[in-house]
Amino acid sequence: MVSQSSSEAYTNMGKTSDLTAVQKATIDTLHKEGKTQKVIAEEAGCSQSSVSKHINGEAKGRNNCGQKKCTSNRDHRALVRIVKKNPFKNVGEIHKEWTAAGVSASRSTTKRRLKDMGFNCRIPRVKPLLTKKQCEKRLTWAKEKKSWTAAEWSKVMFSDESKFCISFGNRGPRVWRRTGEAQDPRCLKSSVKFPPSVMVWGAMSSAGVGPLCFLRSRVNAAVYQQVLEHFMLPAADLLYGDGDFKFQQDLAPAHSAKSTHAWFTDHGISVLNWPANSPDLSPIENLWGIVKRKMQNARPKNAEELTATIRATWALITPEQCQKLMDSMPRRINAVIEAKGAPTKY
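The model shown is predicted, which means the values in this text are computed figures rather than measured ones.

Engineer: Give me the lowdown on the pattern of salt bridges, citing residues and values where you can.
Structural biologist: Here the structure, examined in full by the defined rule, presents four salt bridges. A salt bridge links Arg138 to Asp280, with the shortest nitrogen-to-oxygen separation between them at 2.8 Å. On the criterion of sequence distance, the pair formed by Arg138 in helix 8 (residues 132-145) and Asp280 in the loop between strand 6 (270-271) and helix 13 (283-294) is long-range, its members being 142 residues apart. For the pair formed by Arg138 and Asp280, the shared burial category is buried.

Engineer: I'd like to hear about the nonpolar core, residue by residue, with values.
Structural biologist: In this structure, Trp153, Phe158, Phe164, Met204, Leu287 and Ile310 are the most contacted members of the largest nonpolar core, which totals 33 residues. Breaking this core down by element, the ones donating at least two residues are helix 8, strand 1 (156-165), strand 2 (197-205), helix 13, helix 14 (303-314), helix 15 (319-326) and helix 16 (329-338). In contact with Met204, not counting residues within four places along its chain, are Val156, Met157, Phe158, Val209, Leu239, Pro283, Ile284, Leu287, Cys322, Leu325 and Met326. Counting 19 residues, the second largest nonpolar core, distinct from the first, contains Leu215, Tyr224, Leu228 and Tyr240.

Engineer: Can you tell me about the packing of aromatic side chains, naming the residues and giving the values?
Structural biologist: Applying the stated rule across the entire model yields 10 aromatic pairs. An angle of 75° between the planes, with centres 5.9 Å apart, marks the rings of Phe164 and Trp288 as edge-to-face. Linking Phe164 in strand 1 with Trp288 in helix 13, this pair joins segments that are 124 residues apart in sequence. Given the relative accessible area of 3%, Phe164 is considered buried. Seen in terms of ring centroids, Tyr240 and Phe245 are 5.2 Å apart; in terms of plane orientation they differ by 15°. Their pairing is stacked. Phe245 shares its class with Tyr240; the two are buried. Site record: aromatic cluster; members linked through ring pairs are Trp141, Trp148, Trp153, Phe158 and Trp274.

Engineer: Account for helix 10 (residues 221-240), with residues named and values stated.
Structural biologist: Leu228 marks where helix 10 bends most, by close to 35°. Considered for burial, the residues of helix 10 that qualify are Ala221, Tyr224, Gln225, Val227, Leu228, Met232, Ala235, Ala236, Leu239 and Tyr240. For helix 10, the N-terminal cap is Asn220; the gap from its side-chain oxygen to the backbone nitrogen of Ala222 is 3.2 Å. Within two residues after helix 10, Gly241 carries a phi angle of roughly 65°, on the positive side.

Engineer: If you had to explain helix 16 to someone new, which residues and values would you point to?
Structural biologist: All of the buried residues along helix 16 are Met329, Arg332, Ile333 and Val336. Down the axis of helix 16, the sector holding all buried residues measures 95°, keeping them to one side. Elements that come into contact with the buried residues of helix 16 comprise helix 8, helix 9 (150-153), strand 1, helix 13 and helix 15. Of the residues flanking the end of helix 16, it is Lys340, one or two places downstream, whose phi is positive at about 55°.

Engineer: Quick rundown of the pairing of strand 2? Include the residues and the values.
Structural biologist: Within strand 2, seven of the nine residues are buried, leaving the element largely enclosed by the surrounding structure. For strand 1 and strand 2, the ladder comprises eight bridges, and the chain directions are antiparallel. Bridging from a neighbouring strand, Phe164 pairs with Val198 of strand 2. Judged from the three bridges that link them, strand 2 and strand 4 (residues 213-215) form a sheet pairing that is antiparallel. When the sheet's bridge partners are listed, Val200 is paired in strand 4 with Phe214. When strand 2 meets strand 3 (residues 208-209), the two strands line up antiparallel, connected through two bridges. The partner of Ser205 across the bridge, within strand 3, is Gly208. Counting the residues in the hairpin turn of strand 2 and strand 3 gives two residues.

Engineer: So what about the pairing of strand 1? Which residues, and what values?
Structural biologist: With seven of 10 residues buried, strand 1 lies mostly within the body of the structure. Bridge count between strand 1 and strand 5 (residues 246-248): three bridges; the pairing is parallel. The partner of Met157 across the bridge, within strand 5, is Phe247.

So, how was this worked out
- Residues numbered from 1 in each chain as written.
- Predicted model: local features only at pLDDT ≥ 70, side-chain atom pairs only at ≥ 80, totals over all residues.
- Heavy atoms only, no water.
- Salt bridge = Lys/Arg side-chain N within 4 Å of Asp/Glu carboxyl O.
- Helix = DSSP H or I, 4+ residues; strand = E, 2+ residues; numbered from the N terminus.
- Buried < 20%, exposed > 50% of the residue type's maximum accessible area, 1.4 Å probe, protein only.
- Core = buried A, V, L, I, M, F, W, Y, C linked by side-chain atoms within 4.5 Å.
- Contact = heavy atoms within 4.5 Å.
- Phe/Tyr/Trp six-rings, centres within 6.5 Å; stacked < 30°, edge-to-face > 60°.
- Bend = angle between axes of the 7 residues up to and from the residue.
- Polar contact = N/O pair within 3.5 Å; in protein donor to acceptor, adjacent residues only side chain to side chain.
- Arc of directions from axis to C-beta.
- Pairing = 2+ DSSP bridges.

These values are about where atoms sit, not about what they do.
Okay, structure coming up:
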């Protein structure tokens with residue numbers, strides 16, 4: 001005869017999810033000993049149906065639970081072919097082509113299947129398009145610099161220009177609002193057709209960063225030489241003092257002009273030879289990325305506020321961060337050699 005406490009247990013423990021860890025362990029142990037489900041239920045203090053569900057669930061697993069997929073493995077292979085043929089299609093275009101092939105699936109199902117197969121929608125990385133000759137020159141340059149030590153790289157001052165824009169896109173925080181508040185000024189984001197932007201020149205070494213130059217006009221050879229005179233030379237004094245250094249720059253027309261070459265000669269400054277279209281070899285490119293990520297939550301309203309934000313963020317860059325970026329030079333060079341001069345992940 002079943003006791004009252006056992007009856008209450010049957011009433012309260014009618015589902016497998018209600019079983020305690022102790023009850024589940026008891027069921028597993030007695031089941032391995034060959035006890036009947038009735039005996040196990042009495043010992044564990046639960047219903048016989050809970051014992052049955054737990055045993056069957058452990059045996060079969062939970063993979064078969066839920067609604068059966070409306071698409072077959074053959075359909076999934078077709079979906080993979082569509083994505084690999086053109087990975088830049090959006091979900092709507094992929095869904096349209098998939099269903100046109102005879103697959104019965106909704107747009108949301110298409111999106112779920114893509115995720116199930118490991119596809120994620122991401123912003124594509126940008127790599128320069130290099131010619132065969134440029135790849136060969138990059139490879140030659142990398143082999144020449146492969147033996148450079150950390151001490152040699154510490155004597156290189158990297159420089160670059162970068163454009164900063166006030167972002168009015170989809171990035172940024174969402175807004176909490178009630179029905180009817182969509183046009184409330186405090187719930188709106190500003191939007192302009194051509195957002196204000198500024199062009200900035202900067203330099204770095206393993207010792208830290210130099211002063212920024214905000215460029216207000218198109219950079220030709222004359223303007224660039226003024227930047228070198230009033231910003232690069234002070235940066236060299238700050239970062240190297242009386243020590244020797246090599247100056248790095250890309251091959252922009254203003255940088256490679258004859259008059260600019262003469263300026264370097266007149267000032268006794270050694271310029272590091274540099275392969276064309278090689279941002280992946282320059283650590284200052286990554287430094288600009290760090291600055292822009294730090295500014296993601298800033299909301300400057302105009303070019304003046306944007307300039308102030310850039311200055312403040314640049315001032316937060318530490319020598320340790322610069323040293324870490326400079327330490328990556330051997331890895332960058334090895335990556336170019338392994339890629340036979342082709343663009344790398346950097």
